[in-house]
Amino acid sequence: MEQHIKIYNNNCLDILKGLEDESVDLILTDPPYNLGNFMRDRQTNLKKMRDNFFGDAGWDDMEFEEWTKSMHMFFEQAQRVLKKKGSMIMFMSLLRVETMVKLATEHKFYYKTTGVWHKKNPMPRNMNLHFINSTEGWLYFVSKGRTGTYNNNGKALHDFIETSVAPAGEKKYGGHPTQKPEKLFEHFIQVLTNENDVVLDPFMGSGTAGVVSKRNNRNFIGIEIDQNYYDVAKLRLDDVEKGYQLTSLFSRELT
Ligand SMILES: C[S@@+](CC[C@H](N)C(=O)[O-])C[C@H]1O[C@@H](n2cnc3c(N)ncnc32)[C@H](O)[C@@H]1O
């Protein structure tokens, strides 16, 4: 079967409206967490904290009300484009998990799980001042049903997932400040979809969900508002085309 990979450099709220009803099997996404202003308002004067601060990238600087409004619009479209019993995995800051569950259930998503991703090698920023941030949350929902594809192959899969952060090889075209490792996204794509299914990432950043979808014979639709990240995603997807395979140093994780 011919594989379809389509990526857009645009606002996802505009592109999603043009996608067909019930045409997507899995939404796997990592939207802005609305932490940019929150962290900036703490007015830290610690140089190490300011350096490499993702809030300065400019894509996570909405006020809370504006952000929840945009997520409302996202959930409305997400519910429409997902097939019956289609799944959604959304990464989210633990601080914002409750807000997202509330919004998703208002849009009739069936809530399944709040999970934790633990980074084995986070940046040890200000390690002598506080606990290093090494976790992010992820939420699992089903649309128009209670259980969808779930390829656990008889294994009891935990809601705690541990990997290293995206290795240098996955950032060779320039990294994204919150880039997810391919191993992490591959786990969800393999469990929640089958070959030839359609995966959508409306906040695709550097295209991790696309790279993994392509390598696993899934179709992919990706949307990214920032031209630079879109270009990185395109280059990474072209690499898969060339048969480039990552020899991950961490290949035993999540197996
Ligand atoms: C948390 S990052 C995703 C990182 C991605 N998972 C990766 O592995 O590289 C969120 C991305 O959403 C993009 N974004 C924010 N608002 C958007 C919108 N309305 N439409 C499309 N993309 C958007 C940002 O530019 C940012 O790259």
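The paragraphs below set out a description of the structure included in this document. What you see is a predicted model, and the numbers here were worked out from it, not measured in a lab.

## Notes on the site of the ligand
Phase 1 of the analysis: Looking at the ligand, there are 20 residues lining it, with C12, H176, S206, T208 and E224 nearest.
Phase 2 of the analysis: Within the contact set of the ligand, a nitrogen atom lies 2.9 Å away from a side-chain nitrogen or oxygen of N11.
Phase 3 of the analysis: Contacts to the ligand include I225, whose backbone N or O atom sits 3.2 Å from a nitrogen atom.
Phase 4 of the analysis: In terms of residue class, the shell around the ligand is built from eight nonpolar, eight polar and four charged.

## Remarks on the sheet that holds strand β7 (residues 198–201)
Phase 1 of the analysis: Strand order in this open sheet of eight strands is β1-β8-β7-β2-β3-β5-β4-β6, and the pairing throughout is mixed. Edge positions in the sheet fall to β1 (5–9) and β6 (160–163), since each has one partner strand and no second. Direction aside, neighbouring strands of the sheet carry axes that sit 20° apart on average.
Phase 2 of the analysis: Bridge analysis of strand β2 (residues 24–29) against β7 gives two bridges, and the strand direction is parallel. Among the inter-strand pairings, L26 is bridged to a residue of β7, identified as V199.
Phase 3 of the analysis: Across the sheet, helix α5 (residues 97–106) is in contact with β3 (82–92), β4 (109–119) and β5 (135–143); its angle to β5 comes to roughly 10°.
Phase 4 of the analysis: Where helix α7 (residues 208–215) meets the sheet, its contacts fall on β1, β2, β7 and β8 (219–224), and the angle it forms with β8 comes to roughly 170°.

## Topic: α7
An α-helix turns once per 3.6 residues; consequently, residues spaced three or four apart project the same way.
Phase 1 of the analysis: For α7, a buried count of eight out of eight residues is recorded, marking the element as mostly surrounded by other parts of the structure.
Phase 2 of the analysis: Inspection of α7 places T208, A209, G210, V211, V212, S213, K214 and R215 among the buried residues, and these make up the whole buried set.
Phase 3 of the analysis: At its buried positions, α7 is contacted by β1, β2, α6 (182–192), β7, β8 and α8 (227–241).
Phase 4 of the analysis: Once α7 finishes, N217 follows within two positions and takes phi at roughly 60°, a positive value.

Calculation rules
Within every chain, residues take consecutive numbers counted from 1 along the sequence as written. Owing to the predicted nature of the model, reporting of local features is limited to residues with pLDDT of at least 70; listing and counting of side-chain atom pairs is limited to 80 or more, with chain, interface and lining totals taken over all residues. Hydrogens and water are ignored here; the side-chain numbers use all heavy atoms of the structure. One heavy atom suffices: a residue is near a molecule or strand as soon as one of its heavy atoms comes within 4 Å of it. The definition of a polar contact used here is a pair of N or O atoms within 3.5 Å, where within protein one atom must be able to donate a hydrogen and the other to accept one, and adjacent residues in sequence count solely through side-chain atom pairs. Three classes are used, and their members are as follows: Ala, Val, Leu, Ile, Met, Phe, Trp, Tyr, Cys and Pro are nonpolar, Asp, Glu, Lys and Arg are charged, and the others, Gly among them, are polar. A pair of strands counts as paired when DSSP detects no fewer than two bridges linking them. Helix and strand labels come from DSSP, where a helix needs a run of H or I of at least four residues and a strand needs a run of E of at least two; each type is numbered from the N terminus. In this description, a line fitted to the C-alpha atoms serves as the axis of each element, helices being fitted only across the stretch in contact, and the angle between N-to-C directions of two axes falls anywhere from 0 to 180 degrees. We call two residues in contact whenever any of their non-hydrogen atoms come within 4.5 Å of each other. A simple rule labels every residue: compare its accessible area, found with a 1.4 Å probe on the protein chains alone, to the largest value its type can have, and call it buried under 20%, exposed over 50%, or partly exposed in between.

Read these as layout, nothing more, since geometry by itself doesn't imply function.
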